[in-house]
Amino acid sequence: MAITEAEKMRQFAVVRRLEAAGFRAWPATTTAFDGTWAVRLTRSFPAKRLNSINPLDPSDTTDIAARLARARKTFAEAGRTVIVRQSPLAPPELVAHLDEEGWERFGESIVMTVELAKLDFSGCIDRIPLRDTARYLDASLSVHGRPASMRSGLGEILSAIRPPCGMFVRESEAGRPVAVALAIQDNDLAGLLDVAVAPECQRQGIGRELVLTALRYSLHKGAKTGWVQVEADNAAGFALYGRLGFAEAYRYVYRAPPGERP
């Protein structure tokens, strides 16, 4: 069945709202606009979402080649490889240009949403979010297996988050962090970020319990819709959120010039 123009506009409205919430939940150090392309850069942390061109209007098709060239220079000056985050808001003409120039596709991710009131919170343990950012930073680095050199960069990101942020950590009986999650509440939206479970503790229900704890906290605070971004090759994560009731809203993929994929 063909999608009507009205349905397409409704879909774009959903994508735009979730994209904006995602930008606020995981803020880049700098965001400059070239037309409706949001050029996000973060020298202190290498995450792709924080270092990418994000087209936000399918009708913005002016001077695509020249604008990419300008962005390449900006990224090079920041010590980064230029990449485009291609969501449904990317103009088809831009996608065609990247295809013609041989830009590689990688890092496909799925944005999923759920109505919080429909979740089954039975057996969920109420936990109070951490107030100690330093403790969360240490836990996040440990669970993700990230080097200590990323601590200051991650700290800058956390301190820049403006919507209310709930920091959740699950620890072992010995007091070692084994799972982390952030719940970012933006009006009626609750975003899950930085979700991870230590490899040796996976497939034990710890991730499910922590996710439900974070979402229940957000529901009590007035959120109605939860969202999360899952890498497409993360089968376990996709299955977890699917079992909880999350459904796919849209997908995005990163594009890099030939041979320059970071």
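Above this text is the structure in question.
What you are looking at is a predicted structure, and each value in this text was computed from that prediction instead of being measured. (Residues numbered from 1 in each chain as written. Predicted model: local features only at pLDDT ≥ 70, side-chain atom pairs only at ≥ 80, totals over all residues. Heavy atoms only, no water.)

### Observations regarding the overall build of the protein
Put simply, the test is: What counts as a helix is a DSSP run of H or I of at least four residues, what counts as a strand is a run of E of at least two, and both are numbered from the N terminus. Under the scheme applied here, a residue whose accessible area is under 20% of the maximum for its type counts as buried, over 50% as exposed, and between as partly exposed, the area being computed with a 1.4 Å probe on protein chains only. Contact between two residues is taken to exist if any of their heavy atoms lie within 4.5 Å; hydrogens are not considered. Methods summary: accessible areas were calculated by the Shrake-Rupley approach with a probe of 1.4 Å, and residue burial reflects only the protein chains presented. Residues scored as charged are limited to Lys and Arg (positive) and Asp and Glu (negative), so that His and the chain ends carry no count. To locate a charge, the coordinates of NZ of Lys, CZ of Arg, CG of Asp or CD of Glu are taken.
Check the secondary structure of the protein and you find 7 helices and 10 strands. Each of the 262 residues in the protein was classed as buried or not, and the buried ones make up 48%. At a minimum sequence separation of 6, the contacts of the protein that also span at least 24 residues come to 70%. Put simply, the protein shows about 12800 Å² of open surface, and 51% of that area lies on carbon and sulfur atoms. Within the protein, one finds 34 positive and 31 negative side-chain charges whose respective centroids are separated by 4 Å.

### Let's talk about the packing of aromatic side chains
Test applied: In this scheme Phe, Tyr and Trp rings, the latter by its six-membered ring, pair at centre separations within 6.5 Å, and the angle between planes marks the pair as stacked below 30 degrees, edge-to-face above 60, and tilted otherwise. In this scheme, Lys NZ or Arg CZ marks a charge over a ring once it lies within 6 Å of the ring centre and within 35 degrees of the ring normal.
For the structure on display, the rule yields 4 aromatic pairs. With a centroid separation of 5.6 Å and 70° between ring planes, the pair formed by Phe168 and Tyr217 is classed as edge-to-face. Here the residue Phe168 occupies a position in strand S6 (residues 165-171), and Tyr217 occupies one in helix H6 (residues 206-220), the gap between them amounting to 49 residues. Residue classification places Phe168 among the buried positions, given a relative accessible area of 2%. Pairwise contacts between aromatic rings join Phe106, Tyr252 and Tyr254 into one cluster. Arg67 extends its terminal NZ or CZ atom over the ring of Trp37, reaching a point 4.0 Å from the ring centre.

### What to know about the side chain of Arg85
Mapping Arg85 onto the fold places it in strand S4 (residues 84-86). On the basis of relative accessible area, Arg85 is assigned to the buried category, the value being 3%. Those residues in contact with Arg85, other than ones at most four positions away along the chain, are Glu19, Phe23, Arg49, Ser52, Ile53, Asn54, Pro55, Gln229, Tyr252, Val253 and Tyr254.

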